[in-house]
Amino acid sequence: GQLPPSAPSPPPLHPRARAALDSGNAQLRAKRYDAALASYRLAVTEAPGHVAPEFGVYMAAKRMGNTALADSALRIINAHTGGSPAWTDSAMRRA
């Protein structure tokens, strides 16, 4: 059997998107979920179609108990990855 073709890699994150993503990650670790979500949303705006910022939105929303937002982010992630179970590892390595 052949493996399905892999999805094309997204372009590298723009420096503004990278800074927003890093800020969101730091805020998330500090349990400042509102601030983390704001940073991740900025990263999404700066890097539309990139999975890593959407994953940040998903993580912050889950921790805030915002199931609707988490589910929405997960649908976007799955649309970009074809629902691949390996999306988290590959997205985080490329981010």
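Notes on the structure in this doc start here. All figures in this text were calculated on a predicted structure; none of them were measured in a lab. (Residues numbered from 1 in each chain as written. Predicted model: local features only at pLDDT ≥ 70, side-chain atom pairs only at ≥ 80, totals over all residues. Heavy atoms only, no water.)

**Notes on the nonpolar core**
Core analysis: the biggest nonpolar cluster contains 21 residues, and L21, Y40, V57 and Y58 have the highest contact counts within it. Listing elements by their share of this core, those giving two or more residues are α1 (15–29), α2 (33–46), α3 (51–64) and α4 (67–81). The element that contributes the greatest number of residues to this core is α3, accounting for seven residues. In this view, Y40 contacts L21, G24, N25, L28, P53, G56, V57 and A60; residues no more than four positions away in its chain are not counted. (Core = buried A, V, L, I, M, F, W, Y, C linked by side-chain atoms within 4.5 Å. Buried < 20%, exposed > 50% of the residue type's maximum accessible area, 1.4 Å probe, protein only. Helix = DSSP H or I, 4+ residues; strand = E, 2+ residues; numbered from the N terminus. Contact = heavy atoms within 4.5 Å.)

**A short note on the packing of aromatic side chains**
Under the definition given, this model contains one aromatic pair. Relative to Y58, the ring of F55 has its centre 6.1 Å away and its plane inclined at 25°; by these criteria the two rings are stacked. Remark: Y58 and F55 occur in helix α3; sequence separation between them is three residues, near one turn of the helix. Y58 shares its class with F55; the two are buried. (Phe/Tyr/Trp six-rings, centres within 6.5 Å; stacked < 30°, edge-to-face > 60°.)

**A closer look at the side chain of S39**
Relative to the assigned elements, S39 resides in helix α2. Residues within four places of S39 in sequence aside, it is in contact with A20, S23 and G24.

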